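# Structural features, examined
Listed below, chain by chain, are the residues.
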Amino acid sequence: MGLAGFVGVAATGAVIARAERRRRAYTPEQIRERLHARLADAAAAGEGAQAPESGPAARF
């Protein structure tokens, strides 16, 4: 069990390191563009939904 645990920890570390390298490969402009695109997608998806009511009556 000790060797299997060590192999599992090593594999997890490799996966995390790979994801971190991929994340750091983006330039700030690319990150900004992706965030703006995600915001636009979320806004487009939310256009059909009604805004929740606010105030005390909305809680009951």
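Scroll up to find the structure this text is about.
## Considering the overall build of the chain
Looking only at helices and strands, the chain has two helices and zero strands in total. For the chain, buried positions account for 0% of its 60 residues. Here the chain has roughly 5,800 Å² of accessible surface; of this, 62% comes from carbon and sulfur atoms.

## So, a nonpolar patch on the surface
There is a patch of nonpolar side chains on the surface, built from Leu-3, Phe-6 and Val-7 and spanning about 360 Å² of accessible area. If you trace the backbone, Phe-6 turns up in helix H1 (residues 2-24). Here Phe-6 falls in the exposed class, since its relative accessible area comes to 59%.

Conventions used here
Chains are numbered independently. Their residues run from 1 in the order of the written sequence. At least 70 in pLDDT is required for a residue's local features to be given in this predicted model, at least 80 for side-chain atom pairs to be given and counted, and no such filter applies to totals for whole chains, interfaces and linings, which use all residues. Side-chain numbers here rest on the full set of heavy atoms in the structure, without hydrogens or water. Each helix is a run of DSSP H or I of at least 4 residues and each strand a run of E of at least 2, with the numbering of both proceeding from the N terminus. Burial status follows relative accessibility: with a 1.4 Å probe on protein chains alone, a residue under 20% of its type maximum counts as buried, one over 50% as exposed, and anything between as partly exposed. Note on areas: Shrake-Rupley with a 1.4 Å probe; residue coverage comes only from the protein chains shown. Exposure above 30% relative accessible area and the absence of a salt bridge qualify a residue for a patch, where like charges join within 9 Å and nonpolar side chains (Val, Leu, Ile, Met, Phe, Trp, Tyr) within 5 Å. Salt bridge, as used here: a side-chain nitrogen of Lys or Arg that lies within 4 Å of a carboxyl oxygen of Asp or Glu.

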